[in-house]
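# Structural features, examined
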Amino acid sequence: MRMTIEDICRYPVKGLGADHLEAVTLETGHTLPGDRRWAIAHGASKVDPAAPEWAKKQEFLHLAKDEKLGQLGIAFDAETNTLTITRKGKQVSRGRLDDTTGRMLLQTFLAGFMPPGPRAHPRIVEAPGPQPFTDMPEPFVSLINLASVADIERVARAPVDPLRFRGNFYVKGAPAWSESEWIGRKLEIGDAVLEVVEPIERCAATNIDPKTGAADMNLPLTLRKGFGHIECGVYARVTAGGRVEKGSELRLV
């Protein structure tokens, strides 16, 4: 069966929405360019905004803990690093992520939007060097098999938006759960080559509907009851860089 890329996503700011791409150029040993380059440190975070280092997601605002983030949409201009935050389709804040004033504008909105408490007083921080604020300390990309998501829908008896899984590459044409057989193997994807490393275990972030921001499902429980695990998708490392487009073919090698 022919496997292709149905969608390409990056998440410029950890915990906020997806930026959909028509194409991307991968580099060996790197994540998707611009993916989780920024994150929102909360008031109790140990991350130093003046000298940030990679840290676990608990140091940042994230959907599994901060469900209200799911109410926000984004638009991202990569040329200027300008982030526009929307709510119910209307712009509520805008600023350049690489500019002090721009970050202050965004932070001011987020401070008023998020509830008070130890996780208040958000600060936007930029990842150091090539390692972004992904959940894993290694520079992986993630792949989601759309047929597996469809099988989760069957068990859940409800629609499941694939964006709940916040993947980089959404794959069409692979049999459901066949991604478990990719681990330890290489994938040619467009002009790039990936080595599939491990499955992705899922947390409460997947409970948030990316369209409404509502916590309306318990997908980790659904996965455990229906399939005996909490996995959906796989992590891979880029072993040879190259261009990947929507519609690019994937081939196991």
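Report follows, based on the coordinates. Sequence order as written defines the numbering, with residues in each chain counted from 1. Per-residue local features of the predicted model are confined to residues with pLDDT of at least 70, and side-chain atom pairs are confined, for both listing and counting, to 80 or more; whole-chain, interface and lining totals are unaffected and use all residues. Where side-chain values are given, they derive from all heavy atoms of the structure, hydrogens and water being excluded.

## Here we look at the sheet that holds strand E6 (residues 82-87)
- Read from one edge of the open sheet, three strands run E5-E6-E7, paired in antiparallel fashion. The strands lining the two open edges of the sheet, one partner per strand, are strand E5 (72-77) and strand E7 (90-96). Looking at each pair of strands side by side, their axes are set apart by 20° on average, direction ignored.
- In the packing of helix H1 (residues 100-113) onto the sheet, the strands contacted are E5, E6 and E7, and the crossing angle to E7 comes to about 140°. Being paired, for any two strands, means DSSP has found at least two bridges between them. Only runs of H or I of at least four residues qualify as helices and only runs of E of at least two qualify as strands under DSSP, and these elements are numbered from the N terminus. Axis definition: a line fitted to C-alpha atoms, over the contacting stretch in the case of helices. Angles run 0 to 180 degrees between N-to-C directions. Contacts are assigned to residue pairs that have any heavy atoms within 4.5 Å of one another.

## What to know about H1
- In a helix, the anticipated span is given by 1.5 Å times the number of residues less one. Between the first and last C-alpha of H1 there are 20 Å, a value that for 14 residues agrees with the 20 Å anticipated at 1.5 Å per step.
- Along its buried surface, H1 packs onto strand E4 (38-41), E5, E6, E7 and strand E8 (123-126).
- Its side-chain oxygen 3.1 Å from the backbone nitrogen of Thr101, Asp99 forms the N-cap of H1. Polar contacts here mean pairs of N or O atoms no more than 3.5 Å apart (in protein, one a potential hydrogen donor and the other a potential acceptor; neighbouring residues in sequence count only if both atoms are side-chain atoms).

## Describing the packing of helix H2 (residues 146-156) against helix H3 (residues 219-227)
- Relative orientation of the contacting elements H2 and H3 amounts to 85°, with a least axis distance of 10 Å. With respect to each other, H2 and H3 are oriented roughly perpendicular. Packed against H2, whose contacting residues are Asp151, Ile152, Arg154, Val155 and Ala156, the element H3 presents Leu219, Thr222, Leu223, Gly226 and Phe227 at the interface. The scheme is simple: roughly parallel for angles under 35 degrees, roughly antiparallel for over 145, roughly perpendicular for 65 to 115, oblique for anything else.

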